[in-house]
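# A structural walkthrough
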Amino acid sequence: MFTSASRDGCIRTLQRGMDNQMPDEAATLSMGSRKGIALIAHDNCKADILDWAQFNRDTLGRHQLFATGTTGTLLMRALDLPVTRFLSGPMGGDQQVGAAIVDRRVNFVIFFWDPLEPQPHDVDVKALLRVAVVHNVPIACNRSTADFLLSSPLMSADYERRVSSRVAAGADRPLPVMAER
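Residues numbered from 1 in each chain as written. Predicted model: local features only at pLDDT ≥ 70, side-chain atom pairs only at ≥ 80, totals over all residues. Heavy atoms only, no water.

### Thoughts on helix α6 (residues 122–134)
Going by this rule: Put simply, DSSP H or I for four residues or longer makes a helix, DSSP E for two residues or longer makes a strand, and each gets a number counted from the N terminus. Under the convention used throughout, the expected extent of a helix is 1.5 Å for every residue step, that is, one less than its residue count. Residues are treated as being in contact if the distance between any of their heavy atoms lies within 4.5 Å.
Look at α6: 18 Å from first C-alpha to last across 13 residues, which is about the 18 Å you get at 1.5 Å a residue. Buried-residue contacts for α6 involve β2 (36–41), α5 (93–102), β5 (108–112) and β6 (139–140).

### Description of the sheet that holds strand β4 (residues 83–86)
Heads up, the condition is: Two strands qualify as a pair provided that DSSP identifies no fewer than 2 bridges between them. A fitted line through C-alpha atoms serves as each axis, taken over the contacting stretch for helices, and the angle formed by two N-to-C directions is quoted from 0 to 180°.
If you walk across this open sheet you meet the five strands as β4-β3-β2-β5-β6, and the pairing is parallel. What marks the edges here is a single partner per strand, and that holds for β4 and β6. Sheet topology note: the strand β3 (residues 64–68)/β4 ladder contains four bridges and is parallel. From the neighbouring strand, Leu65 faces β4, where its bridge partner is Val83. Here α6 sits on the sheet in contact with β2, β5 and β6, set at roughly 150° to β5.

### Some words on the packing of helix α2 (residues 46–55) against helix α7 (residues 143–150)
Put simply, the test is: Any angle that is under 35 degrees is reported as roughly parallel, and any over 145 degrees as roughly antiparallel; angles of 65 to 115 degrees are reported as roughly perpendicular and all others as oblique. Each crossing gets its handedness from the near helix: less than a right angle anticlockwise from the far helix is left-handed, clockwise is right-handed. Under the grouping applied here, Gly and all other residues not named as nonpolar or charged are polar, the nonpolar ones being Ala, Val, Leu, Ile, Met, Phe, Trp, Tyr, Cys and Pro and the charged ones Asp, Glu, Lys and Arg.
At a minimum axis separation of 11 Å, α2 and α7 run at an interaxial angle of 20°. In terms of their interaxial angle, α2 and α7 are classed as roughly parallel. As α2 runs across α7, the sense of the crossing is right-handed. Contact residues: Asp48, Asp51 and Trp52 in α2; Arg143, Ala146, Asp147 and Leu150 in α7. Considering only residue class, the contact of α2 with α7 consists of three nonpolar, no polar and four charged.

### Thoughts on the nonpolar core
Definition in use: Put simply, a nonpolar core is a bunch of buried Ala, Val, Leu, Ile, Met, Phe, Trp, Tyr and Cys residues held in one set by side-chain atoms that sit within 4.5 Å of each other. Accessible area is worked out with a 1.4 Å probe on protein chains only. A residue is then buried under 20% of its type maximum, exposed over 50%, and partly exposed in between.
Counting residues in hydrophobic clusters, the biggest one holds 22 residues, and the most contacted among them are Ile37, Leu39, Trp52 and Ile110. The biggest single contributor to this core is α2, with four residues. Excluding residues within four positions of it along the chain, Ile37 makes contact with Leu60, His63, Gln64, Leu65, Phe66, Phe108, Ile110, Leu150 and Met155. Within the second largest apolar cluster, 14 residues are counted, among which are Phe86, Val97, Val125 and Val137.

### Things to note about the layout of surface pockets
What counts, and what does not: Using a grid of 1 Å spacing that covers the protein atoms alone, one calls a set of points a cavity when a 1.4 Å probe fits there but cannot get out, and a pocket when the set is open and has protein on both sides within 12 Å along at least five of seven lines; lining residues are those with an atom within 4 Å of a point. Grid points are joined across faces, edges and corners, and a volume is the space filled by probe spheres set on the points.
Taken as a whole, the largest pocket encloses approximately 270 Å³ of empty space. As for the largest pocket, its lining consists of 19 residues, of which Ala41, His42, Asp43, Lys46 and Pro90 are closest to the centre. At the level of elements, β2 and α4 (69–79) are the ones that each hand at least two residues to the lining of the largest pocket. Per-element accounting of the lining of the largest pocket gives the leading share, three residues, to α4. Split by residue class, the lining of the largest pocket holds four nonpolar, ten polar and five charged. Roughly 180 Å³ of internal volume is contained in the second largest pocket. Lining the second largest pocket are Met31, Lys35, Phe108, Asn136, Val137, Pro138, Leu149, Ser152, Leu154, Met155 and Tyr159. Residues that form the lining of the second largest pocket fall into these classes: eight nonpolar, two polar and one charged.

### What about the environment of Asn107?
Within the element layout of this structure, Asn107 appears in the loop between α5 and β5. The class for Asn107 is buried, based on a relative accessible area of 7%. Separated by 76 residues in the primary sequence, Asn107 and Met31 place their C-alpha atoms 7.1 Å from one another.

Okay, here's the thing in structure tokens:
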């Protein structure tokens, strides 16, 4: 049986939950003309991303490149361009790319993934895709989309990316420092 106090507490809890679901104000984050591009490819897609990157070498050379594991090594050799390498995806590289999106070092993702092959780190892949969507970061998951995005006139221009005010507020917060034990 609900008492008046417990009923009021439930109502307040429901209202807080509804408040959290209300759309918040939009804000913008600037993306300069030089983008931070993360390049990721699952094993069955590495040849495709290498071919695509070689075709687009000149455009990619005007931006800061990041890549996970083996993809990064292959791209550095094939393109002769500097590439900041993260760990391999299953070893935490996808999470590092997500953190770089949150930190605003990466603001553009090319992710050739194989939807027909099971991935041991599928949870990390989904988390990366979620972070990219939450932060309104362009993400190409196949060659056609990558071609359209990279050839856009916005690629070489400053761009104001719309995000929720919660995302924008988080971008200005300093990262927490972990205390030593």
